[in-house]
Amino acid sequence: MTESQRELLKQMLTKEADFWTSGRIKNLIQERFSVTYSKRQVQRLLRLMGMYCYKPQPRDHRQRPDHAHQLSQRLQAVADVLGMGSKDLSQMAIGFADESTFQTYGNAARLWSFHKGRIRAANTNRTRQNCFGFYAIRGQSLLVPIGVGNEQTFLAMLDKIKASHIAYQGIILIWDNHPAHVSSAIESKAHKLGIYLVNLPTYSPNLNPIERLWKVIKRRLCEVDLIANGAVLNQLIEDAFKEASVGFSFAKKWIKDFWNVIFWKAPILNSV
């Protein structure tokens, strides 16, 4: 293709869609410019044009465009309440809570091998373990194996979070809109324990940094050669959580965009 044709192709791709497959572009080039390229030639052309090849992160189509603003408003409301009281913001624990399910076998990791088509031994009985996690950016992170994620379970989790943060003046807990997270019993219990609940906007898991932590743990489980049973699975989950939850790596952008903007008198880290 000539330089002018490449520029026209770039304009067409930019205008018609955000995401393309190399096969779709290959057909487009043939239809619009009567030029036949191999898939590899198309890929070289696209890189030359400045395009990137990656796996787009999905977003639920029901997510509101102002979801980040919604979260800011909810955090501001908590800041206003705390600001009117006698709480020292620097002595407030803060963390993100969520539940996730892990199993003895997953096939999400791409692995390299010198042997094409080599079969991998795995425990395919898919033993599962549900876990509740609290990823603290001030305070102590917690991982608790659970059964069913219902109201009674989460009431017990509030007690565990409180017990781990007795030295703090209060706790700000951010989690999603699971029906059992917004019940009157949960709200009453949280108020009694000095836990300030912040519910994320609907369909916005991207605003919960613990979601990224879960993905790391699942990827690590996929890399294990063989998870023999539930006991081994639980130990692997616990070890991966302890390692991954240290520091602010998963919440760095969240802290910068939300916490340090709203709670600027009590930043998590000035360097974040």
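Please read all numbers here as calculations on a predicted model, not as lab measurements.

Undergrad: Hey, could you go over the overall build of the chain for me, with residue numbers and the actual values?
TA: Looking only at helices and strands, the chain has nine helices and five strands in total. Each helix (α) and strand (β) of the chain, taken in turn from the N terminus, gives the series α-α-α-α-β-β-β-α-β-α-β-α-α-α. With respect to the three principal axes, the spread of C-alpha positions in the chain is 70 × 50 × 35 Å. Out of the 272 residues in the chain, the part that is buried amounts to 39%. Considering only residue pairs separated by 6 or more positions, the chain has 70% of its internal contacts joining residues 24 or more positions apart. When the accessible surface of the chain is totalled, it reaches about 16500 Å², and 52% of it is carbon and sulfur. Averaging the locations of the 37 positively and 22 negatively charged side chains of the chain gives two centres separated by 6 Å.

Undergrad: How would you sum up the environment of Leu 173? Please name residues and give values.
TA: Mapped onto the secondary structure, Leu 173 falls in strand 4 (residues 170–175). Overall, Leu 173 belongs to the buried group, its relative accessible area being 0%. Along the backbone, Leu 173 and Asp 257 are 84 residues apart, and their C-alpha atoms lie at a distance of 17 Å. Ignoring anything within four residues of it in the chain, the contact list for Leu 173 reads Gly 95, Ala 97, Phe 134, Leu 158, Ile 161, Ile 195, Tyr 196, Leu 197 and Val 198.

Undergrad: Describe the layout of surface pockets, naming the residues involved and giving the relevant values.
TA: Roughly 630 Å³ of internal volume is contained in the largest pocket. Every residue lining the largest pocket is counted, 20 residues in all, and those nearest its centre are Trp 20, Leu 46, Met 51, Tyr 52 and Cys 53. Put simply, the parts of the chain that give the lining of the largest pocket at least two residues each are helix 1 (3–16), helix 2 (22–33) and helix 3 (39–48). Here the residues of the lining of the largest pocket sort into 12 nonpolar, five polar and three charged.

Undergrad: Can you explain a positive patch on the surface? Please cite residues and give values.
TA: Residues Lys 55, Arg 59, Arg 212 and Lys 215 make up a contiguous surface patch of positive charge. Its location among the elements puts Arg 59 in the loop between helix 3 and helix 4 (67–84).

Undergrad: Explain the packing of aromatic side chains residue by residue, including any values.
TA: Aromatic ring pairs are reported here in terms of the distance separating the ring centres and the angle at which the planes meet. Going through the model one piece at a time under the given rule, you end up with 10 aromatic pairs. Here the aromatic rings of Tyr 135 and Phe 250 are separated by 6.1 Å at their centres, their planes lie at 75°, and the arrangement is edge-to-face. Taken together, the residues span a long stretch of sequence, with Tyr 135 in strand 2 (residues 128–138) and Phe 250 in the loop between helix 8 (230–244) and helix 9 (252–262) at a distance of 115 residues. Relative to Phe 263, the ring of Trp 259 has its centre 3.9 Å away and its plane inclined at 15°; by these criteria the two rings are stacked. A residue is classified by how much of its surface remains accessible, and Trp 259, at 0% relative accessible area, is buried. Cluster of aromatic residues (ring-pair linked, three or more members): Phe 96, Tyr 135, Phe 250, Trp 254 and Phe 258. Across from the ring centre of Trp 20, 4.0 Å away, lies the NZ or CZ of Arg 24, which sits over that ring.

Undergrad: Now, about the pairing of strand 4: what can you tell me, with residues and values included?
TA: In terms of burial, strand 4 is largely enclosed, as six of its six residues are buried. Burial along strand 4 is two-sided: Gly 170, Ile 172 and Ile 174 and Ile 171, Leu 173 and Trp 175, pointing in opposite directions, are all buried. Pairing of strand 4 with strand 5 (residues 195–199) involves five bridges; the strand directions are parallel. Bridging from a neighbouring strand, Trp 175 pairs with Asn 199 of strand 5. In this fold, strand 4 hands off to helix 6 (residues 184–193), which returns the chain to strand 5; that crossover is right-handed.

Reading guide: rules and limits
- Residues numbered from 1 in each chain as written.
- Predicted model: local features only at pLDDT ≥ 70, side-chain atom pairs only at ≥ 80, totals over all residues.
- Heavy atoms only, no water.
- Helix = DSSP H or I, 4+ residues; strand = E, 2+ residues; numbered from the N terminus.
- Buried < 20%, exposed > 50% of the residue type's maximum accessible area, 1.4 Å probe, protein only.
- Contact = heavy atoms within 4.5 Å.
- Areas by Shrake-Rupley, 256 points an atom, 1.4 Å probe, with all protein chains shown as cover.
- Lys, Arg positive; Asp, Glu negative; His and termini not counted.
- Charge placed at Lys NZ, Arg CZ, Asp CG, Glu CD.
- 1 Å grid on protein atoms, 1.4 Å probe; cavity = no way out; pocket = protein on both sides within 12 Å on 5 of 7 lines; lining within 4 Å.
- Points joined across faces, edges and corners; volume = space filled by probe spheres on them.
- Nonpolar A, V, L, I, M, F, W, Y, C, P; charged D, E, K, R; others polar.
- Patch = residues over 30% accessible without salt bridge, like charges linked within 9 Å, V, L, I, M, F, W, Y side chains within 5 Å.
- Salt bridge = Lys/Arg side-chain N within 4 Å of Asp/Glu carboxyl O.
- Phe/Tyr/Trp six-rings, centres within 6.5 Å; stacked < 30°, edge-to-face > 60°.
- Lys NZ or Arg CZ within 6 Å of the ring centre and 35° of its normal.
- Pairing = 2+ DSSP bridges.
- Right-handed = clockwise from strand over helix to strand, strands pointing away.

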